[in-house]
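Coordinate analysis (summary)
What follows is the residue order along each chain.
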Amino acid sequence: MSLLEACVFATVLCGFFGIILKKNLMMKIISMDVMSTGVIAYYVLIAARGGLLTPIASDAQSGSYADPVPQAVILTAIVIGFSIQALMLVGVMKLARDNPTLESSEIEKNNTP
Amino acid sequence: MSNLLSTGLELLTQGSAIADPISLALRDTAPVAIVWMAIPFFVGFSSYLLPKLHRYLALGIALMSLVYGLQQLWAPVPLTVQLLDQFGVTLLIDSLSGYFIVTNALVTAAVVLYCWQTGKSAFFYTQMMILHGSLNAVFICADFISLYVALEVIGIASFLLIAYPRTNRSIWVALRYLFVSNTAMLFYLMGALLVYQASHTFAFTGLQNAPTEAIALIMVGLLTKGGIFVSGLWLPLTHSEAETPVSALLSGIVVKAGVFPLVRCALIVDNLGPLLGIFSVGTALLGVAYAVVETDTKRLLALSTISQLGFVLVAPAMAGFYALTHGLAKTALFLISGNLPSRSFQTLRQTPLYAPLWAALAIACLSVTGFPLLAGFGAKVLTLKDLEPWQAIALNLAAVGTVIALAKFLFLPVATQSKDAAPHTMPQGFWWAMILLLGSLVAANGLYLEVYTVTEMLKALLILGVGCLVHIVLVQRVVLKLPRMFERLDHLIGMMSLTLTALFWMVLT
């Protein structure tokens with residue numbers, strides 16, 4: 001479990017440093033996706049602390065269930081993250097017409113007063 | 001938003017089944033709150049079907065919120081709604097929410113009036129209504145997940161509003177805003193999970209026994225979203241490069257969506273107060289230091305917003321009233337500065353202003369500086385009343401700095417005759433918006449009449465005098481340029497990690 005947790009944090013940090021260090025705007029957005037994947041994995045991990053069984057009420061088997069609340073919550077967050085990602089990609093598409101290399105420092109220089 | 005809505009509908013249908021006395025009393029008010037919260041979204045989307053009506057619908061929604069918010073100001077008991085059980089959505093509506101809702105309503109109404117004749121498309125008004133609705137949701141929610149959803153909707157709606165002109169610059173500014181806010185919200189989401197892990201609820205009250213890292217993660221998200229201290233350095237560019245009505249919305253109310261949860265948490269959790277005290281003093285001084293040397297009108301206003309947020313945050317009990325007065329005045333200032341002949345103070349000093357325009361500008365500036373007769377005075381007095389000595393000294397210093405910065409507007413030349421003035425063609429709704437905003441600033445005095453004592457009035461005049469004096473002696477002659485390096489995207493994101501580290505360290509000690 002703690003190994004998994006370490007992997008989750010490594011994913012989050014990888015994404016975060018990708019946002020800072022990657023020069024290409026597209027790569028920055030993908031890094032942000034990596035970071036959000038890490039956060040989502042963390043929710044799933046915490047939900048599985050109490051047990052691994054799927055929390056569906058049935059008379060088939062009983063045992064220690066995974067906590068359904070964080071999973072339900074993260075579903076909302078996934079959808080929101082997804083739509084933001086889509087929105088940003090549209091923005092980048094528009095910017096790519098005049099800045100084909102998508103270098104964020106160049107775009108920033110051209111568009112800051 | 002969908003989970004909030006579905007649980008709301010569930011409550012509506014099950015309302016009759018609830019039997020215990022407290023719920024019985026709430027049965028009438030809770031559905032009203034939920035319906036009121038949901039209407040802007042329904043109307044916003046359906047305004048596409050009624051293209052001729054979108055302006056009226058937007059104005060109607062703002063007025064509806066105004067009525068609802070005013071009602072909450074005088075509500076005897078706070079309304080608490082718990083949908084489902086401890087895991088579900090928690091709402092808390094009291095006078096603090098009331099102030100923020102009223103601010104939201106007045107700012108939105110003023111911006112709609114301003115845009116009335118400018119030919120904005122239905123898309124613009126739809127986004128504005130959705131923004132209005134999600135802001136309302138922030139001001140009434142009391143759990144971290146509803147807050148997360150509302151804040152993200154605000155981020156999306158603001159992105160679309162900033163990018164509305166579809167120029168490269170506006171798209172870049174919007175993209176940068178969404179980048180910073182979404183990264184901050186990812187940290188926040190991790191913090192929310194740690195709160196849940198500790199107390200098996202997402203409600204704000206769970207923060208009391210949450211681990212220190214949860215507090216640090218949540219705070220870094222909200223501080224960034226609210227534009228406070230170094231994590232708020234994204235704000236000057238975003239607010240100054242957006243279109244006039246959008247920057248008025250952003251500065252007037254949208255940043256307060258980040259501040260409100262901090263205030264709410266500070267009122268619930270005791271040990272958060274000192275921490276926020278440090279940040280609010282820091283942001284008050286940082287914003288003012290940048291604003292004093294600024295030479296661009298809109299950037300100066302945006303930097304002054306950073307500084308004023310410190311005043312909102314420093315006294316959580318009085319935050320509502322301060323946010324109201326600041327929101328009204330700052331919206332007016334942004335709308336006016338969009339109609340000045342130039343954005344550079346250097347050019348403005350050579351072109352005499354149309355007298356009524358200058359008068360409106362002066363009233364709004366004086367309210368921010370805390371001049372008696374305007375509501376800003378009462379807000380400042382109440383905020384500075386019960387502070388620690390070091391905070392009071394720092395904030396009085398920041399108040400003088402605010403005067404120095406805004407004196408640049410006050411000392412602009414005025415044309416004695418209308419024909420000497422710089423060309424002034426304002427949108428038709430401009431004066432209606434001004435009447436609404438400035439009228440409310442005067443009317444809001446009535447909420448706290450007891451602050452008008454001789455000593456306080458003398459103190460306010462002294463601050464104004466000192467500020468103007470410093471402006472005349474020093475600022476008009478010296479030109480200083482501060483580096484804008486820290487406003488680059490990489491630095492903004494990097495700053496987030498530094499803030500996070502600092503917060504960890506501060507929470508631990």
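Computed from a predicted model, the values in this text were never measured in an experiment.

**Observations concerning the overall build of chain B**
Scanning chain B for helices and strands turns up 22 helices and two strands. For 509 residues, the compact-globule estimate of 2.2 N^0.38 gives 23 Å, and chain B sits close to it at 22 Å. In terms of overall dimensions, chain B has C-alpha extents of about 70 × 60 × 50 Å along its principal axes. Counting only residues that meet the buried cut, chain B has 64% of its 509 residues in that class. In chain B, once contacts between residues fewer than 6 apart in sequence are set aside, the share between residues at least 24 apart is 81%. Counting only carbon and sulfur atoms, one obtains 68% of the accessible surface of chain B, whose full area is about 17,900 Å². Chain B carries 24 positive and 20 negative side-chain charges, and their two centres are separated by 16 Å.

**Some words on the overall build of chain A**
When helices and strands are counted, chain A shows four helices and zero strands. Along its sequence from the N terminus, chain A presents helices and strands in the succession α-α-α-α. In terms of overall size, chain A is more extended than a compact globule, its C-alpha atoms giving a radius of gyration of 19 Å where 113 residues would be expected to give roughly 13 Å. Considered along the principal axes of its C-alpha atoms, chain A spans approximately 65 × 25 × 20 Å.

**Considering the nonpolar core**
Counting residues in each nonpolar core, the largest one holds 232 residues, and the members touching the most others are A:Y43, B:L207 and B:F409. Element by element, the count of residues in this core is highest for helix α8 (residues 168-199) of chain B, at 21 residues.

**Thoughts on the side chain of B:S240**
As for its placement among the helices and strands, B:S240 is situated in helix α10 (residues 235-241). Dropping the residues within four chain positions of it, B:S240 is found in contact with B:K298, B:R299 and B:R343.

**As for the pairing of strand β2 (residues 90-93) of chain B**
Residue and element names in this part refer to chain B. Burial along β2 is two-sided: T90 and L92 facing one way and L91 and I93 facing the other are all buried. Judged from the four bridges that link them, strand β1 (residues 79-82) and β2 form a sheet pairing that is antiparallel. Its bridge partner lying in β2, Q82 is registered against T90.

**Considering the interface of chain A and chain B**
The interface of chain A with chain B comprises 40 residues on the first partner and 40 residues on the second. Seen at the junction of chain A and chain B, the total is one salt bridge. Between A:K28 and B:D490 there is a salt bridge, and its shortest N-O distance comes to 3.7 Å. Seen at the junction of chain A and chain B, the total is five residue pairs in polar contact (both at pLDDT 80 or more). When residues of the side of chain A that touches chain B are traced back to their parent elements, those giving at least two are α1 (2-21), α2 (25-47), α3 (68-96) and α4 (104-111) of chain A. Here the element with the most residues in the side of chain A that touches chain B is α3(A); it accounts for 15 residues. Broken down by class, the residue content of the side of chain A that touches chain B amounts to 26 nonpolar, eight polar and six charged.

**A look at the packing of aromatic side chains**
Residue and element names in this part refer to chain B. In total, this model carries 23 aromatic pairs over all chains according to the counting rule given. Ring geometry for Y56 versus W116: centroids 5.1 Å apart, planes at 90 degrees, classification edge-to-face. Here W116 lies in the loop between α5 (95-115) and α6 (122-140) and Y56 lies in helix α4 (residues 54-73), a separation of 60 residues in the sequence. Residue classification places Y56 among the partly exposed positions, given a relative accessible area of 48%. A centroid spacing of 6.1 Å and a plane angle of 65 degrees characterise the contact between F144 and Y188, whose relative ring orientation is edge-to-face. Residue F144 is located in helix α7 (residues 144-162), and its partner Y188 is located in helix α8; the two are separated by 44 residues in the primary sequence. The pair formed by F144 and Y188 is uniform in burial state, with each residue classed as buried. These aromatic residues form a ring-pair network of at least three members: F144, Y148, Y188 and F204. The lysine or arginine in question, K120, covers the ring of F124, its NZ or CZ lying 5.3 Å from the ring centre.

**Some thoughts on helix α13 (residues 272-292) of chain B**
Side chains that are three or four residues apart share a direction in an α-helix, a result of its 3.6 residues per turn. Given a rise of 1.5 Å per residue, 21 residues ought to cover 30 Å, and the 30 Å separating the end C-alpha atoms of α13(B) matches this to within 8%. α13(B) sits mainly inside the fold: 15 of its 21 residues count as buried.

**What about α8(B)?**
Residues and elements named next belong to chain B. Taking 1.5 Å per residue, 32 residues should reach 46 Å; α8 reaches 46 Å between its end C-alpha atoms and fits that length. Counting buried positions along α8 yields 28 of 32 residues, so the element is predominantly enclosed. Positioned one or two residues after α8, H200 has a phi angle of 55 degrees, which is positive.

**A closer look at the packing of helix α11 (residues 244-254) of chain B against helix α12 (residues 256-268) of chain B**
In helix packing, the relevant descriptors are the interaxial angle and the interaxial distance, both defined with respect to the helix axes. Residues and elements named next belong to chain B. Axis separation between α11 and α12 bottoms out at 7 Å; the angle between their running directions is 5 degrees. Taken as axis vectors, α11 and α12 run roughly parallel relative to one another. Across the interface between the two elements, S251, G252, I253 and V254 from α11 touch K256, A257 and G258 from α12. Taken together, the residues of the contact of α11 with α12 sort by class into three nonpolar, three polar and one charged.

**Describing unusual backbone geometry**
The backbone phi angle of A:L102 is positive, close to 55 degrees, even though this residue is not glycine. By the element assignment, A:L102 lies in the loop between α3 and α4. Not every positive phi belongs to a glycine, and B:H200 is a case in point at roughly 55 degrees. In this structure, B:H200 sits in the loop between α8 and α9 (212-226). Taking relative accessible area as the criterion, B:H200 reaches 41% and is therefore assigned partly exposed.

**Here's the deal with the pattern of salt bridges**
Residue and element names in this part refer to chain B. As enumerated under the stated definition, the model contains 12 salt bridges over all chains in all. A salt bridge links R169 to E241; its shortest N-O distance comes to 3.2 Å. You can see R169 sitting in helix α8 and its partner E241 sitting in helix α10, a full 72 residues away along the chain. Its relative accessible area of 31% is what places R169 among the partly exposed residues. Owing to a relative accessible area of 17%, E241 belongs among the buried residues under this scheme. The partner of E294 in a salt bridge is R484, with the nearest N and O atoms 3.6 Å apart. Separated by 190 residues along the polypeptide, E294 in the loop between α13 and α14 (297-314) and R484 in the loop between α21 (454-475) and α22 (489-508) bring together distant segments of the chain. The class of E294 is buried, set by a relative accessible area of 8%. Taken together, the shared-partner salt bridges in this structure form one network comprising R169, E241, D296 and R343.

Calculation notes
Residues numbered from 1 in each chain as written. Chains lettered and ligands numbered in written order. Predicted model: local features only at pLDDT ≥ 70, side-chain atom pairs only at ≥ 80, totals over all residues. Heavy atoms only, no water. Helix = DSSP H or I, 4+ residues; strand = E, 2+ residues; numbered from the N terminus. Rg over C-alpha atoms; globule rule 2.2 N^0.38 Å. Buried < 20%, exposed > 50% of the residue type's maximum accessible area, 1.4 Å probe, protein only. Contact = heavy atoms within 4.5 Å. Areas by Shrake-Rupley, 256 points an atom, 1.4 Å probe, with all protein chains shown as cover. Lys, Arg positive; Asp, Glu negative; His and termini not counted. Charge placed at Lys NZ, Arg CZ, Asp CG, Glu CD. Core = buried A, V, L, I, M, F, W, Y, C linked by side-chain atoms within 4.5 Å. Pairing = 2+ DSSP bridges. Salt bridge = Lys/Arg side-chain N within 4 Å of Asp/Glu carboxyl O. Polar contact = N/O pair within 3.5 Å; in protein donor to acceptor, adjacent residues only side chain to side chain. Nonpolar A, V, L, I, M, F, W, Y, C, P; charged D, E, K, R; others polar. Phe/Tyr/Trp six-rings, centres within 6.5 Å; stacked < 30°, edge-to-face > 60°. Lys NZ or Arg CZ within 6 Å of the ring centre and 35° of its normal. Expected span 1.5 Å × (residues − 1). Axes fitted to C-alpha atoms, helices over the stretch in contact; angles between N-to-C directions. Parallel < 35°, antiparallel > 145°, perpendicular 65-115°, else oblique.

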